[in-house]
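Residues per chain, in single letters:
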Amino acid sequence: MRIGEAHGLEWQDVDASGSRFRIRHGKTAAARRWVAVPEALIEEITVTTPPDDRTAERRVFPGFTADVGKNVMARACKAAGIVHRHPHDLRHRYASVKVAEGVPVTQVAAQLGHSKKGMTLDTYSHVLVD
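Owing to the predicted nature of the structure, the values given are computational and were not obtained by experimental measurement. Throughout this description, residue numbers start from 1 for each chain and increase along the sequence as written. The model is predicted, so local features are restricted to residues of pLDDT at least 70 and side-chain atom pairs to those at 80 or more, both for listing and for counting; the totals for chains, interfaces and linings are taken over all residues. Each side-chain value is worked out from all heavy atoms of the structure, with water and hydrogens disregarded.

**Comments concerning the overall build of the protein**
Item 1. Secondary structure elements are defined from DSSP: runs of H or I of at least 4 residues count as helices, runs of E of at least 2 residues count as strands, and each element is numbered from the N terminus. On a plain count of helices and strands, the protein comes out with six helices and three strands.
Item 2. Going from the N terminus to the C terminus, the protein shows its helices and strands as α-β-β-β-α-α-α-α-α.
Item 3. Taken along the three principal axes of its C-alpha coordinates, the protein extends 45 × 40 × 25 Å.
Item 4. Exposure is judged per residue with a 1.4 Å probe applied to protein chains only, and the accessible area is read against the type maximum: over 50% gives exposed, under 20% gives buried, and values in between give partly exposed. Classification of the 130 residues of the protein by burial places 29% in the buried group.
Item 5. Considering only intrachain contacts with a sequence separation of at least 6, the fraction spanning at least 24 residues in the protein is 46%.
Item 6. For the protein, the separation between the mean place of its 19 positive charges and that of its 15 negative charges on side chains is 7 Å. Residue contacts are counted whenever heavy atoms from the two residues lie within 4.5 Å of one another. Asp and Glu are treated as the negative residues and Lys and Arg as the positive ones, with His and the ends of the chain left uncounted. Where a charge sits is defined by one atom per residue type, namely NZ (Lys), CZ (Arg), CG (Asp) or CD (Glu).

Next up, the structure:
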């Protein structure tokens, strides 16, 4: 997911039984999609959010913004003693790992919300070569 997509998630976008998030807003039809989420993450989110706080229009991650995501990532990288990475680098890593695993580029493009595989190849070609 893009950091802005995570920021915009509302409880009506959570399918806990299907272990996925719905991205309702996006520039293209391809950007509006379902995103698979690890069951452990869905469980953690639902366990830590009281049922009364899960109203349809309420944000899943209240207080989360792009700046908060960048700051948290910077602190986590520093604490781990690794080079600083931006949250968007996780999308790049995901794309490169999936293609390296043999997942078709068309499928990776759909998961990332790209309407064409060329967008994925153009955007992530520098990562895929490495």
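Picking up where we left off.
**A word on the sheet that holds strand β1 (residues 14-15)**
Strands belonging to one sheet form pairs held by backbone hydrogen bonds; the direction of such a pair is parallel or antiparallel.
Item 1. Taken together, three strands build an open sheet; the order of strands is β1-β2-β3 and the sheet is antiparallel. With partners counted over all chains shown, the strands left at the sheet margins are β1 and β3 (33-36), one partner each.
Item 2. Pairing between strands requires that DSSP locate at least two bridges from one strand to the other. Taken together, the two bridges between β1 and strand β2 (residues 20-23) define a ladder with antiparallel strand orientation. Paired with aspartate 15 across the strands is arginine 20, a residue of β2.

**Regarding the packing of helix α4 (residues 88-100) against helix α5 (residues 105-112)**
Item 1. Between α4 and α5, the least distance of the axes is 10 Å, while the angle of their chain directions is 155°. The orientation of α4 relative to α5 falls into the category roughly antiparallel. For the pair α4 and α5, the crossing hand works out as right-handed. Where α4 abuts α5, its residues Arg91, Tyr94, Ala95, Lys98 and Val99 lie against Val105, Val108, Gln111 and Leu112. Helix axes are fitted to C-alpha atoms over the stretch in contact, other axes to C-alpha atoms as well, and angles between N-to-C directions run from 0 to 180 degrees. Just so you know how the angles are binned, under 35 degrees is roughly parallel, over 145 roughly antiparallel, 65 to 115 roughly perpendicular, and the rest oblique. Two helices that cross are described as forming a left-handed crossing if the nearer one is turned anticlockwise from the farther one by less than a right angle, and a right-handed crossing if clockwise.

**What about the nonpolar core?**
Considering soluble globular proteins, one finds that nonpolar side chains tend to be buried as a cluster.
Item 1. Residues Leu9, Trp11, Val14, Phe21, Ile23, Val35, Val37, Ile42, Ile45 and Val60 constitute the largest nonpolar core, which totals 10 residues.
Item 2. Broken down by secondary-structure element, the contributors of at least two residues to this core are β2 and α2 (39-48).
Item 3. Every residue in contact with valine 37, bar those within four places of it in the chain, is listed here: Ser19, Arg20, Phe21 and Ile42. For the purposes of this section, nonpolar cores are sets of buried Ala, Val, Leu, Ile, Met, Phe, Trp, Tyr and Cys residues that join through side-chain atoms within 4.5 Å.

**A word on the packing of aromatic side chains**
Both the distance between ring centres and the angle between the ring planes are used here to describe each pair of aromatic rings.
Item 1. Here the aromatic set is Phe, Tyr and Trp, taking the six-membered ring for Trp, and pairing holds for ring centres within 6.5 Å; pairs whose planes are under 30 degrees apart are stacked, those over 60 apart are edge-to-face, and all others are tilted. All chains considered together, the criterion is met by two aromatic pairs.
Item 2. Every member of this aromatic cluster is reached through a ring pair, and the members are Phe21, Phe61 and Phe64.
Item 3. Only when the NZ atom of a Lys or the CZ atom of an Arg is both within 6 Å of the ring centre and within 35 degrees of the ring normal do we say a charge sits over the ring. Residue placement shows arginine 20 over the ring face of tryptophan 34; its charged tip is 3.7 Å from the ring centre.
Item 4. One cation-aromatic arrangement involves arginine 54 over tryptophan 11; the distance from NZ or CZ to the ring centre is 5.7 Å.

**With respect to the layout of surface pockets**
Item 1. As defined here, a cavity is a set of points on a 1 Å grid over the protein atoms alone where a 1.4 Å probe fits but cannot get out. A pocket is an open set with protein on both sides within 12 Å along at least five of seven lines, and residues line them when an atom is within 4 Å of a point. Grid points are joined across faces, edges and corners, and a volume is the space filled by probe spheres set on the points. Within this model, the largest pocket holds a volume of roughly 810 Å³.
Item 2. What lines the largest pocket is a set of 25 residues, and nearest its centre among them are Met1, Arg2, Ala6, Val35 and Leu90.
Item 3. For the lining of the largest pocket, the secondary-structure elements that each account for two or more residues are α1 (3-8), β3, α3 (66-80), α4 and α5.
Item 4. Here the lining of the largest pocket takes four residues from β3, the largest share from any one element.
Item 5. Polarity classes work like this: nonpolar for Ala, Val, Leu, Ile, Met, Phe, Trp, Tyr, Cys and Pro, charged for Asp, Glu, Lys and Arg, and polar for all others, with Gly in that last group. Across the lining of the largest pocket, the residue classes break down as 20 nonpolar, two polar and three charged.

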